[in-house]
Amino acid sequence: MELNANIPSGPIEKAWETHRFEMKLVSPANKRRYTIIVVGSGLAGASAAATLGELGYNVLCFTYHDSPRRAHSIAAQGGINAAKNYQNDGDSVYRLFYDTVKGGDFRSREANVHRLAEISLNIIDQCVAQGVPFAREYGGLLDNRSFGGAQVSRTFYARGQTGQQLLLGAYQALERQIAAGSVQMFTRSEMLDVVVVDGQARGIVTRDLVTGEVHSYAADAVVLGTGGYSNVFYLSTNAKACNVTAIWRAYKRGAAMANPCFTQIHPTCIPVAGDYQSKLTLMSESLRNDGRVWVPKAKDETRRARDIPEAERDYFLERKYPSFGNLAPRDIASRSAKEVCDEGRGVGDTGQGVYLDFADAIGRLGEDTIRERYGNLFEIYERITDENPYQVPMRIYPAPHYTMGGLWVDYNLMSTIPGLHVIGEANFSDHGANRLGASALMQGLADGYFVLPYTIGHYLATAKPGPVDTSHAAFGEVEQEIAHRTRRLLEIRGKRTVDSIHQELGRIMWNHCGMSRTAAGLSQALERIPALRDEFWQNVTVPGGNEQLNQSLEKAGRLADFLEFAELMCRDALDRSESCGGHFREEHQTSDGEALRDDEHYAHVSVWEYRGPEAAPVLHSEPLTFDHVALAQRSYK
């Protein structure tokens, strides 16, 4: 497999501008001749579909939701980064670039990250023009707040609803194109496979989630904007329907998978409450602007938080990382919370929690100011826990959140299958081994609004894909494979539910490939996952039939893919014998417990190639070079 990142030559500051000029264009009249499939209607998918429709392409957009507004992007809370320097506090494109490369622990591609930092400036202008109600200061200027891993205020926000407001902006643009006829929307339709003809991605096969009908759709190019795979852990901050199916099926058709073990553990989540919980709820990282994180200094403390005097509290992030304090990056904050809980100083009934306390901020700023900044987040917390965070500290604990791994793409966002482009969280992204907060929304909109519309045009102008429709034999073959797989699932009629097997997989992954990992634990996981996969195919029960609404069948198909993907994820984690970002190998740490990279052997992207169901995947690597940010051990102290 040849991995050509297609990184432009010349100064990095001019690379994207030069590349845009040098790319081939499709004339306005010719755009009408091309059809592009976009899978996903979140920030990446909706912005891409709307922009491509506006340019004149014929766009088919697919979502398994009943409306594009239900995409998981709506759950993002805290904000979106942009190097506008409105606060005049020293921010710049270069500083955002630097912070992102450093925050990703030097495991991202410099050229992509710099482009992201450049485009961040345009995103805010685009969204303001759409009417996104960003928070504003008293004089009417856009407000900013801070997020982890940065010492400047560059995060634009709409209270704790930033993802929702940005998605509504993209949704309005998408609906405009649907009304104009340039975008055809397919809701309640799940992509089950990608169709490759003569080495090019030429369509997809979907299942209508209401009727069970299987349909094929042909196009000149395919775009996947299908989000991340943190539900491999079962309990995560992701919506229950989030899955790996789209990118996993593409992987099995020839698209390489990059850094699958790079998952982000978010430090600010409501702790697990019991064995019957189906998902976790995120509390925005923005809360760490005003909330102070602490635990009791004594082990097994039984007193209420307000009864513990200041001298007996350990504000451990402020103590360990004085320069960044409570705004240390997510991986570091998460690992620190786990450490104090492992020491027996955790809070709550399970001992798996730390306090996020707003008493000082309320005393300094007043409750009305805190309510204005975070009111809806406080309301969510109280509804779930029945505790009033204005009066008692929140309890938080780390949880699986964003995934930095995904399908490998080049600078043009194209996978190793020509014509298959991957955007947003579905690709291996620009975030390295740890995403800085408020950068997911930035990347999704950058890819959809400002990068893909140029690069996919270049592909169409140079590849010149010939005419293909769904009568081609390749579509029929894929439909037959899907029908066989569906029959097999429905015929098992075992004794275990899909959720019970998923829960077991989640425990394996959290314990052995979660916040911290060891070679022994990963080896154990690689023994247990194939056995659990065999149990699934022999003993799962999927009630109902295919030609109807059947959510058990949906979940079973997604879990089958998770059971395969989980093994690749553990292989990748075992191979990467270093600690970097959110990937913490206990064998590789400094004397004071920080992540210890091995730049000599692992300054690369790990890229996996599928070789068939009976063969082990083949590992390739894309070397990473750092010409603009010097390789250095991360320090936030």
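Cut-offs used in this document
Residues numbered from 1 in each chain as written. Predicted model: local features only at pLDDT ≥ 70, side-chain atom pairs only at ≥ 80, totals over all residues. Heavy atoms only, no water. Helix = DSSP H or I, 4+ residues; strand = E, 2+ residues; numbered from the N terminus. Rg over C-alpha atoms; globule rule 2.2 N^0.38 Å. Buried < 20%, exposed > 50% of the residue type's maximum accessible area, 1.4 Å probe, protein only. Contact = heavy atoms within 4.5 Å. Areas by Shrake-Rupley, 256 points an atom, 1.4 Å probe, with all protein chains shown as cover. Lys, Arg positive; Asp, Glu negative; His and termini not counted. Charge placed at Lys NZ, Arg CZ, Asp CG, Glu CD. Pairing = 2+ DSSP bridges. Axes fitted to C-alpha atoms, helices over the stretch in contact; angles between N-to-C directions. Salt bridge = Lys/Arg side-chain N within 4 Å of Asp/Glu carboxyl O.

### Regarding the overall build of the protein
Then, number 1: Tallying secondary structure elements over the protein gives 17 helices and 19 strands in all.
Then, number 2: Computed over its C-alpha atoms, the radius of gyration of the protein comes to 24 Å, within 12% of the 26 Å expected for a compact globule of 637 residues.
Then, number 3: On the principal axes, the C-alpha backbone points of the protein span a range of 75 × 60 × 50 Å.
Then, number 4: In the protein, which comprises 637 residues, the share counted as buried stands at 61%.
Then, number 5: Long-range contacts, defined as pairs at least 24 residues apart, comprise 74% of the intrachain contacts of the protein with a sequence gap of at least 6.
Then, number 6: Per element, the accessible surface of the protein, about 24,100 Å² overall, is 47% carbon and sulfur.
Then, number 7: Averaged over its 67 positive side-chain charges, the protein has a centre that lies 2 Å from the centre of its 79 negative ones.

### Here's the deal with the sheet that holds strand β7 (residues 200-208)
Then, number 1: The antiparallel open sheet is built from three strands, whose spatial order is β6-β7-β8. In this open sheet, the two strands that pair with only one neighbour each are β6 (189-197) and β8 (214-218). The average angle at which neighbouring strand axes cross in this sheet is 25°, direction not considered.
Then, number 2: Relative to β7, β6 is paired through eight bridges, and the arrangement is antiparallel. Bridging across to β7, S189 finds its partner in D208.
Then, number 3: Strands in contact with helix α13 (residues 473-492) are β6, β7 and β8; relative to β6, the strand with the most contacts, it is inclined by about 135°.

### Quick look at the environment of I423
Then, number 1: Looking at the element boundaries, I423 is found in the loop between β17 (420-422) and α12 (440-463).
Then, number 2: Each C-alpha atom of the pair I423 and E301 lies 47 Å from the other, and the pair is 122 residues apart in sequence.
Then, number 3: If near-sequence neighbours (up to four positions away) are discounted, I423 is found in contact with A44, G45, A48, V223, L224, G225, L413, D447 and L452.

### Digging into the pattern of salt bridges
Two side chains carrying opposite charge are able to pair once their charged atoms lie near each other.
Then, number 1: Per the stated rule, a full pass over the model turns up 50 salt bridges.
Then, number 2: The partner of R176 in a salt bridge is E54, with the nearest N and O atoms 2.5 Å apart. Here E54 lies in helix α3 (residues 43-55) and R176 lies in helix α6 (residues 162-180), a separation of 122 residues in the sequence.
Then, number 3: When the shortest N-O distance is used, the salt bridge between K252 and E564 registers 3.0 Å. With a gap of 312 residues between them, K252 in helix α7 (residues 245-252) and E564 in helix α16 (residues 551-575) connect regions that are remote in the sequence.
Then, number 4: Classification of K252 by relative accessible area gives partly exposed; the value is 27%.
Then, number 5: Accessibility expressed as a relative area gives 21% for E564, which makes it partly exposed.

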